[in-house]
Amino acid sequence: GESVGLHLPTLSVQEGDNSIINCAYSNSASDYFIWYKQESGKGPQFIIDIRSNMDKRQGQRVTVLLNKTVKHLSLQIAATQPGDSAVYFCAESHGATTDSWGKLQFGAGTQVVVTP
Amino acid sequence: DAGVTQSPTHLIKTRGQQVTLRCSPKSGHDTVSWYQQALGQGPQFIFQYYEEEERQRGNFPDRFSGHQFPNYSSELNVNALLLGDSALYLCASSLGATGNNQPQHFGDGTRLSIL
C-alpha cells in the first residue's frame, strides 16, 4: 500500500553537529516530497521540497536527498542549533492524475533533540 | 505578508454536537486543504478546496464537510462529534491552479477536544 514512514522515532544530536533524518516511501508514483518542522503547539513549518526529477536540493543549512531507486528521502541539517529541536515530518504526493494533486501523505515524524 | 490563520485556537465540545472551524489562506493562495492530526501522529488529509469546490478527499466520513468562499477562505464542519474526533485540525494553503508539486503552508491549527 501507499505509505511514508521514518526510520527513527527520536534523534539526539549535539549542538553544532550535523543531523540526518531519514524517510522511506513505498509509492513509486510519488513525484513530490516535502519536509516539515513542527514545534510544540504550532503547525508544520515548510522547510524544503524536492521534485522527482531531482536528486538533491539545498536550502539554508538544509539539504534534501532523494534516492528513487530505493525510495528513500533524507534531510540533512548542518550545524544543528537548539532551535532545530522539533518533530520533523516528510510528506509525499503524486500528480499522476488531478485526483491526487495536493493530497499530502505524512509519515509519523522524527523527534529531534539538540543537546548542548 | 500574512500567513495561514485559523480560528478558534481551542474548542471544547461534547459528543453529538457539531463544530465549524475557520481558515484564511496565505495571501496570494487560492487552494485550501484540511488535515487532522492526532496526538503523536502525522497529519491525515481530510479534503482540499479549489475554486469553491471539493477537489480531493481523504478517507473521512461524510460527517466531515467543508466550504470555500469567493475570497478563498474556508470552513471545516464536523457533525455528530465522536470522542475520536479529538485532534488538532490543520489548514494548509497553496497555489492550486498550477497543479501538483506546490508547497502547502500550514496554520497553527485548532485544538478540538470532545468530552
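Residues numbered from 1 in each chain as written. Chains lettered and ligands numbered in written order. Predicted model: local features only at pLDDT ≥ 70, side-chain atom pairs only at ≥ 80, totals over all residues. Heavy atoms only, no water.

Novice: How would you sum up the pattern of salt bridges? Please name residues and give values.
Specialist: Residue and element names in this part refer to chain B. Scanning the entire structure with this criterion turns up seven salt bridges over all chains. For the salt bridge of Glu54 with Arg57, the shortest nitrogen-to-oxygen distance reads 3.0 Å. Residues Asp85 and Arg63 are paired through a salt bridge, measuring 2.9 Å at the closest nitrogen-oxygen approach. Note that Asp85 is positioned in the loop between strand E8 (74-78) and strand E9 (87-94) and Arg63 in the loop between strand E6 (53-57) and strand E7 (64-68), a separation of 22 residues in sequence. Like Arg63, Asp85 is buried. (Salt bridge = Lys/Arg side-chain N within 4 Å of Asp/Glu carboxyl O. Helix = DSSP H or I, 4+ residues; strand = E, 2+ residues; numbered from the N terminus. Buried < 20%, exposed > 50% of the residue type's maximum accessible area, 1.4 Å probe, protein only.)

Novice: Could you give me a rundown of the pairing of E9(B), with the residues and numbers involved?
Specialist: Residues and elements named next belong to chain B. Burial analysis of E9 places eight of its eight residues in the buried class, the great majority of the element. Taking every second residue as pointing to the same face, both faces of E9 are buried, with Ala87, Tyr89, Cys91 and Ser93 on one and Leu88, Leu90, Ala92 and Ser94 on the other. Of the strand pairs in this sheet, strand E4 (residues 31-37) and E9 are connected by seven bridges, and their pairing is antiparallel. Note on E9: the bridge partner recorded for Tyr35 is Leu90. Bridge analysis of E9 against strand E11 (residues 110-114) gives three bridges, and the strand direction is antiparallel. Each residue of the ladder has a partner; that of Leu88, found in E11, is Arg111. Here E9 pairs with strand E10 (residues 105-106) via two bridges, running antiparallel. Considered in E10, the bridge of Ala92 is made with Phe106. (Pairing = 2+ DSSP bridges.)

Novice: Outline the side chain of B:Thr31, supporting the account with residue identities and numerical values.
Specialist: Residue and element names in this part refer to chain B. If you trace the backbone, Thr31 turns up in strand E4. The buried category is assigned to Thr31, whose relative accessible area is 0%. Of the polar contacts made by the side chain of Thr31, one reaches the side chain of Asp30; its length is 2.9 Å. (Polar contact = N/O pair within 3.5 Å; in protein donor to acceptor, adjacent residues only side chain to side chain.)

Novice: So, the interface of chain B and chain A: which residues are in play, and what are the values?
Specialist: Of the residues lining the interface, 24 residues belong to chain B; the matching set on chain A comes to 26 residues. Buried surface at the junction of chain B and chain A, summed over both partners, amounts to about 1800 Å²; 51% is from carbon and sulfur atoms. Linking chain B with chain A are zero salt bridges. For the pair chain B and chain A, the number of links is five residue pairs in polar contact (both at pLDDT 80 or more). Those elements giving two or more residues to the side of chain B that touches chain A turn out to be E4, strand E5 (44-50), E6, E9 and E10 of chain B. A breakdown of the residues in the side of chain B that touches chain A according to their chemical character gives seven nonpolar, 14 polar and three charged. (Contact = heavy atoms within 4.5 Å. Buried area = accessible area lost by both parts, 1.4 Å probe. Nonpolar A, V, L, I, M, F, W, Y, C, P; charged D, E, K, R; others polar.)

Novice: So what's going on with the pairing of strand E8 (residues 72-77) of chain A? Residues and values would help.
Specialist: Residues and elements named next belong to chain A. Pairing between strand E3 (residues 19-25) and E8: six bridges, direction antiparallel. Within the sheet, the bridge partner assigned to Asn22 lies in E8 and is Ser74. Bridge count between strand E7 (residues 62-67) and E8: six bridges; the pairing is antiparallel. The residue bridging Val62 from the neighbouring strand is Ile77, located in E8. The turn joining E7 and E8, which pair antiparallel and follow one another in sequence, is formed by four residues; a positive phi near 55 degrees is taken by Lys71.

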